[in-house]
There are 2 protein chains.
Amino acid sequence: MTDLPSVTAAAAEAPVSELQGLAVQEVEQNITPWEVEGAEVNGVKQVIDYNRLMKQFGTVKIDEALLERFKNVTGHEPHLFLRRGIFFSHRDLEAILSRHEQGKPFYLYTGRGPSRGHMHIGHMLPFIFCKWLQDVFDVPLVVQLTDDEKYLYKNDLTVDQVYEYSLNTVREIAAIGFKPEKTFIFSNMGYMGGAFYRNVLKISRCITFSTARSSFGYKESDHIGKIHFPSIQAAPALCSTFPTIFGNRTDVPCLIPCGIDQDPYFRLTRDVTKNLKHPKPSLIHSKFLPALQGDTSKMSSSVDNSAIFMNDTAAMIKKKINSFAFSGGRNTLEEHREFGGNPDVDVPYRYLEHFLDDDQELADLAGGYRKGEITTGQMKVRCIQVLQAYIAAFQEREKAITTADIEAFMNPSYPRSFASLATKQA
Amino acid sequence: MTDLPSVTAAAAEAPVSELQGLAVQEVEQNITPWEVEGAEVNGVKQVIDYNRLMKQFGTVKIDEALLERFKNVTGHEPHLFLRRGIFFSHRDLEAILSRHEQGKPFYLYTGRGPSRGHMHIGHMLPFIFCKWLQDVFDVPLVVQLTDDEKYLYKNDLTVDQVYEYSLNTVREIAAIGFKPEKTFIFSNMGYMGGAFYRNVLKISRCITFSTARSSFGYKESDHIGKIHFPSIQAAPALCSTFPTIFGNRTDVPCLIPCGIDQDPYFRLTRDVTKNLKHPKPSLIHSKFLPALQGDTSKMSSSVDNSAIFMNDTAAMIKKKINSFAFSGGRNTLEEHREFGGNPDVDVPYRYLEHFLDDDQELADLAGGYRKGEITTGQMKVRCIQVLQAYIAAFQEREKAITTADIEAFMNPSYPRSFASLATKQA
């Protein structure tokens, strides 16, 4: 995949002369665990500049050499999310590959803030990727549902509500295709205590208010629950948080697939694990799936028409793509045929990048679009087909998830075994 | 009991002329949950000024009228700690008496920071008092062992160590005479989770960093575990933290017997409970048992010769009182016989105030001391006898505590029933 253009679709359309002779007014992009906003230039929202973000956060680009190494070590063709730069950045991914090469274990850790409604296709990315990584490496996956964080950040919610959200979220995550034999999904509110709480204490003793503030921009008017929360998000990066999986080992590192916006939490976590004599977690970061309205922000759970939700019907998917998906095509069919469209900002194409596995077909779609041979309508039709199929299959699997399944995923003592964990302390 | 004198024993001995003509240099007394230091005037440590503390904290003195009411409501003569002003201050104690009068339930909540060594006689005060209150009112007692706080405040300790301290502390508290049928003793590290964690979350959402700082003087270099801890100390003041005792009730208030130094925690707790639609806790505050060296500070667990410990032998008790107990007697026997001693600053007498139940004998001792009829040696002998007897009986009971007993106290589901809890929601 080519890099994202550094100007928005709207700005790209504007004649250069319109921007000349004016003092350029810039608002920087703002990517934090709670906000994802592209920059603004002269009042025009920009797409997110991921290169700048990597530089700002100090992460490393996943390049061709690393993908080659991935292929050699695992014997698998990299997932389309890797091939297409959707998971684009990392910290110490090589260390994980080396461990695998040496037959030493690691595990996967990802998380999700459960919310009122259903998950949308943007929420699927880390889970789809985890499922694939789990299949490739045969490693445990732990999924933290941050219902406590949700409660701490949303004053209108009760603890009962957020816990209910967690249970619904387990059902949705399970429907991606995980098995409880390999996967422990826990609600912070449900699992807090024991080894988890001990690690929360250990971590909290290593993070000063000043450090937390410089990582997360806390204010003095923020409540102490919020300020303390980074300890809780960090704890699953220590394998000793899960004694039913790892016994009394403290030497098993994890790989954390997550949105790049979550990096500040884990940067702090990496500093802390050193003090606690646990290995540093490795990270692999994704870009955001664009909202229907385009690539200047990410999908929002609370804005129904910004996203395709996992419970949307085939008709709703069709309607949303047709009515709301930002198009990189030209204003008229004639212009489109003559000058071609821009797939890089075309939301239906962008969704196909994430959900259409066939590289050749995707390349043909992009090429045809640029040449004006493929129309906006045709791109939308293909996007609708692919999403309808993906979501219908998901909904089928979800229907089959029972309460007993949910209990199995959430049960820390459910029997889980991994060949890779049989190796001795590293 | 008369109020404490406002100057130290040492300063009382100094001729007034020595203090005249000098600019008086004052250092204010400093009473926080972590430090108890009397004021200093011209380099001389002062006894703790409890009247000033009540005014500063905004608590209310327990007066004769309240004691009379206590007697009328309960049909019991007030405990010697009440008769002698050792538990001297309160917040909303009347509300608890009124509930009892109306047959409505309440419970007792107290706590203890477990530590390496054994408890000393100063640590016994809230527990001795709780035991008596429990017998008088037939109410549940919950005891929070703040092993997590200990870990957060002592960088050289591990979580395993502080948890071990908790188990030892349960044994000592049990030896005071509690029964697991009425008493739930929990380690924060052991009990954290479920309903407890939910209440911690609720409380933490109500306390801003600014508020916590103004209550506890946190600095920006303090770690986020410390800053968050007030939420954990507050949670047991909500009856919903203990669903195995109170079911789904949220309307049962507690009475918290504690040292006056812990008031800042519970002042904040009282503000918070209002927001959480739980009743405010009532408080009853004790003075500190003086260190062997006198009434300018409290006994310290870490200074062996400052305290009588619950594992001291009869011989050690005798030696400590004889060698280290600050005396309010005169320098020579002749002077003592002529001018008399001051029992108010005499540590052996002060200990008798706490552990000798016989009001008449105590009055005789004080009167005789003032007149010089009772010598320092005689006062010490009586103190040694009383403490030896108390501690020997304690040690007998402690020996009989089994691991199964400890497990029963710490088991949230141990069958506990209380006639008073049978009443409907208030």
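Residues numbered from 1 in each chain as written. Chains lettered and ligands numbered in written order. Predicted model: local features only at pLDDT ≥ 70, side-chain atom pairs only at ≥ 80, totals over all residues. Heavy atoms only, no water.

*Asks:* Which parts of the structure should I look at to understand the overall build of chain A?
*Replies:* Secondary structure summary: chain A contains 21 helices and 14 strands in total. Over its C-alpha trace chain A gives a radius of gyration of 22 Å, about what one expects of a compact globule, namely 22 Å for 426 residues. If you line up chain A on its principal axes, its C-alpha atoms span 65 × 45 × 45 Å. The buried share of chain A, reckoned over its 426 residues, is 56%. When contacts within chain A are restricted to residue pairs at least 6 apart in sequence, long-range pairs at least 24 apart make up 77% of them. (Helix = DSSP H or I, 4+ residues; strand = E, 2+ residues; numbered from the N terminus. Rg over C-alpha atoms; globule rule 2.2 N^0.38 Å. Buried < 20%, exposed > 50% of the residue type's maximum accessible area, 1.4 Å probe, protein only. Contact = heavy atoms within 4.5 Å.)

*Asks:* Mind showing me how you'd approach the sheet that holds strand S4 (residues 40–41) of chain A here?
*Replies:* Paired through their backbone hydrogen bonds, the strands of a sheet run either parallel or antiparallel. Residues and elements named next belong to chain A. Here we have three strands laid out as an open sheet, ordered S1-S4-S5, and antiparallel in their pairing. Taken across any chain shown, the strands that pair with only one partner, and hence form the sheet edges, are strand S1 (26–27) and strand S5 (44–45). Taken together, the two bridges between S1 and S4 define a ladder with antiparallel strand orientation. Among the inter-strand pairings, Val27 is bridged to a residue of S4, identified as Glu40. (Pairing = 2+ DSSP bridges.)

*Asks:* Is there a simple way to explain the relation of the copies chain B and chain A in this structure?
*Replies:* The operation relating the two chain copies consists of a rotation about an axis and a shift along that axis. Each copy superposes on the other: chain B lies on chain A with an RMSD of 0.0 Å after a rotation of 180° and an axial shift of 0.0 Å. Accordingly, the operation relating the two chain copies is best matched by a two-fold axis. When each C-alpha of chain B is compared by its distance to the rotation axis, B:Gly193 comes out closest, at 2.4 Å. (Least-squares fit on C-alpha atoms with pLDDT ≥ 70 in both.)

*Asks:* What am I meant to see in the nonpolar core here?
*Replies:* Within soluble globular proteins, side chains that are nonpolar generally end up buried alongside one another. In terms of nonpolar packing, the biggest core is built from 96 residues, with A:Tyr107, A:Phe242, B:Tyr107 and B:Phe242 touching the most fellow members. Ignoring anything within four residues of it in the chain, the contact list for A:Phe242 reads A:Tyr107, A:Val142, A:Phe184, A:Phe186, A:Tyr191, A:Pro236 and A:Gly247. (Core = buried A, V, L, I, M, F, W, Y, C linked by side-chain atoms within 4.5 Å.)

*Asks:* Any chance you could explain helix H9 (residues 159–174) of chain A here in plain terms?
*Replies:* The α-helix advances 3.6 residues per turn, and as a result positions three or four apart in sequence lie on the same side. Its 16 residues place the ends of H9(A) 23 Å apart at the C-alpha level, agreeing with the 22 Å of an ideal helix rising 1.5 Å per residue. For H9(A), the full list of buried residues reads A:Val159, A:Val162, A:Tyr165, A:Ser166, A:Thr169, A:Val170, A:Glu172, A:Ile173 and A:Ala174. (Expected span 1.5 Å × (residues − 1).)

*Asks:* Help me understand the pattern of salt bridges in this model?
*Replies:* Side chains carrying opposite charge are able to pair once their charged atoms draw close together. Residue and element names in this part refer to chain A. For the structure on display, the rule yields 42 salt bridges over all chains. A salt bridge links Arg249 to Asp251; the nearest nitrogen and oxygen atoms lie 2.9 Å apart. The exposure class assigned to Arg249 is buried, which follows from its relative accessible area of 8%. Classification of Asp251 by relative accessible area gives buried; the value is 12%. (Salt bridge = Lys/Arg side-chain N within 4 Å of Asp/Glu carboxyl O.)

*Asks:* What is the right way to look at the pairing of strand S12 (residues 282–286) of chain A in this model?
*Replies:* Successive side chains on a regular strand alternate, one facing one side of the sheet and the next facing the other. All names here are of chain A. A large share of S12 lies buried, amounting to five of its five residues. On S12, burial covers both faces: Ser282, Ile284 and Ser286 on one face and Leu283 and His285 on the other are all buried. As paired strands, strand S7 (residues 87–91) and S12 are joined by four bridges and run antiparallel to one another. Each bridged residue has a counterpart across the sheet, and for His90 the counterpart in S12 is Ile284.

*Asks:* Any chance you could explain the sheet that holds strand S9 (residues 141–145) of chain B here in plain terms?
*Replies:* Residue and element names in this part refer to chain B. Spatially, the seven strands line up as an open sheet ordered S6-S7-S12-S11-S8-S9-S10, and their pairing is mixed. Every other strand in the sheet has two partners, leaving strand S6 (60–61) and strand S10 (183–187) as the edge strands with one partner each. Pairing geometry for strand S8 (residues 107–112) and S9, over five bridges, is parallel. Opposite Arg112, over in S9, you have Leu145 as the bridge partner.

*Asks:* Quick question: what am I supposed to make of the environment of B:Arg91 here?
*Replies:* Residues and elements named next belong to chain B. Within the secondary structure, Arg91 sits in strand S7 (residues 87–91). For Arg91, a relative accessible area of 10% gives the class buried. C-alpha separation for the pair Arg91 and Thr59, spaced 32 residues apart in sequence, amounts to 5.9 Å. With near-sequence residues (within four places) excluded, Arg91 lies in contact with Phe57, Gly58, Thr59, Asp263, Arg267, Arg270, Ser282, Leu283 and His285.

*Asks:* Is there a simple way to think about the side chain of B:Gln29 in this case?
*Replies:* All names here are of chain B. Following the sequence through the fold, Gln29 ends up in the loop between strand S1 (26–27) and strand S2 (30–31). According to the relative accessible area criterion, Gln29 is buried, its value standing at 11%. Reaching out from Gln29, the side chain makes a polar contact with the backbone nitrogen of Asp49 at a distance of 2.8 Å. Among all residues touching Gln29, those that are not within four sequence positions of it are Glu37, Gly38, Ala39, Val47, Ile48, Asp49, Arg52 and Leu53. (Polar contact = N/O pair within 3.5 Å; in protein donor to acceptor, adjacent residues only side chain to side chain.)

*Asks:* It is not clear to me how the confidence of the model for chain A should be interpreted in this structure. Could you clarify?
*Replies:* Do not read the predicted coordinates in detail wherever pLDDT is low. All names here are of chain A. For chain A, the average pLDDT comes to 91, and 93% of its residues sit at 70 or higher. This model gives residues 1–19 a pLDDT under 50, and the stretch forms 29 contacts once residues within four places in sequence are excluded. Confidence estimates for the predicted assembly give a pTM of 0.90 and an ipTM of 0.89. (pLDDT = per-residue confidence, 0-100.)

*Asks:* Just checking my understanding: could you explain empty space enclosed by the protein for this structure?
*Replies:* Any empty space left between the atoms is revealed when a probe the size of a water molecule rolls over them. By the definition in use, this model includes two cavities of 30 Å³ or more. In this structure, the largest cavity occupies an estimated 40 Å³ of space. If you trace the largest cavity, you find it lined by A:Met192, A:Tyr197, A:Val200, A:His228, A:Ile232, B:Met192, B:Tyr197, B:Val200, B:His228 and B:Ile232. Put simply, the parts of the chain that give the lining of the largest cavity at least two residues each are helix H11 (194–204) and helix H13 (224–234) of chain A together with helix H11 (194–204) and helix H13 (224–234) of chain B. In terms of residue class, the lining of the largest cavity is made up of eight nonpolar, two polar and no charged. (1 Å grid on protein atoms, 1.4 Å probe; cavity = no way out; pocket = protein on both sides within 12 Å on 5 of 7 lines; lining within 4 Å. Points joined across faces, edges and corners; volume = space filled by probe spheres on them. Nonpolar A, V, L, I, M, F, W, Y, C, P; charged D, E, K, R; others polar.)

*Asks:* Honestly, the interface of chain B and chain A in this entry has me stumped. Any pointers?
*Replies:* When the parts of a complex come together, some accessible area is lost, and that lost area is often used as the size of the interface. Contact with chain B, which involves 36 residues of that partner, is made by 36 residues of chain A. Between chain B and chain A the total buried area reaches about 3300 Å² when both faces are included, carbon and sulfur atoms providing 60% of it. Considering only the surface of chain B that becomes buried against chain A, B:Arg198, B:Arg205 and B:Ile224 emerge as the three largest contributors, covering 26% of it. The shortest N-O distance in the salt bridge between B:Arg198 and A:Asp160 comes to 2.5 Å. Linking chain B to chain A there are 26 residue pairs in polar contact (both at pLDDT 80 or more). Looking at the side of chain B that touches chain A, the elements with two or more residues in it are helix H8 (147–153), helix H9 (159–174), helix H10 (188–191), H11, helix H12 (209–216) and H13 of chain B. (Buried area = accessible area lost by both parts, 1.4 Å probe.)

*Asks:* Would you take a moment to explain the packing of H11(B) against H13(B) for this structure?
*Replies:* How two helices sit against one another is set out by the angle between their axes and by the gap between those axes. Residue and element names in this part refer to chain B. Remark: H11 packs on H13, axes separated minimally by 8 Å, with the N-to-C direction vectors making an angle of 125°. By the angle between their axes, H11 is oblique relative to H13. Judged by the twist between their axes, the crossing of H11 over H13 is right-handed. Along the contact surface, H11 presents Phe196, Val200, Ile203 and Ser204, while H13 presents His228, Ser231, Ile232 and Ala234. For the contact of H11 with H13, a count of residues per class yields five nonpolar, three polar and no charged. (Axes fitted to C-alpha atoms, helices over the stretch in contact; angles between N-to-C directions. Parallel < 35°, antiparallel > 145°, perpendicular 65-115°, else oblique. Left-handed = near helix turned anticlockwise from the far one by under 90°.)

*Asks:* Honestly, the pairing of strand S9 (residues 141–145) of chain A in this entry has me stumped. Any pointers?
*Replies:* All names here are of chain A. Counting buried residues along S9, five of its five residues qualify, which places the element largely inside the surrounding structure. With burial as the criterion, each face of S9 is covered, one bearing Leu141, Val143 and Leu145 and the other bearing Val142 and Gln144. This β-α-β element, strand S8 (residues 107–112) to helix H7 (residues 121–137) to S9, shows right-handed connectivity. (Right-handed = clockwise from strand over helix to strand, strands pointing away.)

*Asks:* Whenever I open this one, the packing of aromatic side chains confuses me. Can you help?
*Replies:* Two measures describe an aromatic ring pair: the distance that separates the ring centres and the angle between the ring planes. Residue and element names in this part refer to chain A. Enumeration according to the criterion identifies 49 aromatic pairs over all chains in this entry. Relative to Tyr265, the ring of Phe229 has its centre 6.1 Å away and its plane inclined at 80°; by these criteria the two rings are edge-to-face. You can see Phe229 sitting in helix H13 and its partner Tyr265 sitting in helix H15 (residues 263–275), a full 36 residues away along the chain. Of the two residues, Phe229 and Tyr265, neither departs from the other in class, the shared state being buried. (Phe/Tyr/Trp six-rings, centres within 6.5 Å; stacked < 30°, edge-to-face > 60°.)

*Asks:* Which parts of the structure should I look at to understand unusual backbone geometry?
*Replies:* Where the residue is not glycine, phi is negative for most of them; where a peptide bond is considered, it is trans in most cases. All names here are of chain B. Positive phi outside glycine occurs at Asn42, with the angle close to 50°. Even without being a glycine, Asp92 presents a positive backbone phi close to 55°. One can find Asp92 in the loop between S7 and helix H6 (93–101).

*Asks:* Before we go on, may I ask you to explain the packing of helix H18 (residues 347–355) of chain B against helix H20 (residues 376–400) of chain B in this structure?
*Replies:* Residue and element names in this part refer to chain B. Close contact between H18 and H20 brings their axes to 9 Å; oriented N to C, the two are set at 40°. Classified by the angle between their axes, H18 and H20 sit oblique to one another. In the crossing of H18 with H20, the sense of the turn from one axis to the other is left-handed. Along its contact with H18, which presents Pro348, Tyr349, Tyr351, Leu352 and Phe355, the element H20 presents Met379, Lys380, Arg382, Cys383, Val386, Leu387 and Tyr390. Looking at the contact of H18 with H20 residue by residue, the classes come out as 10 nonpolar, no polar and two charged.

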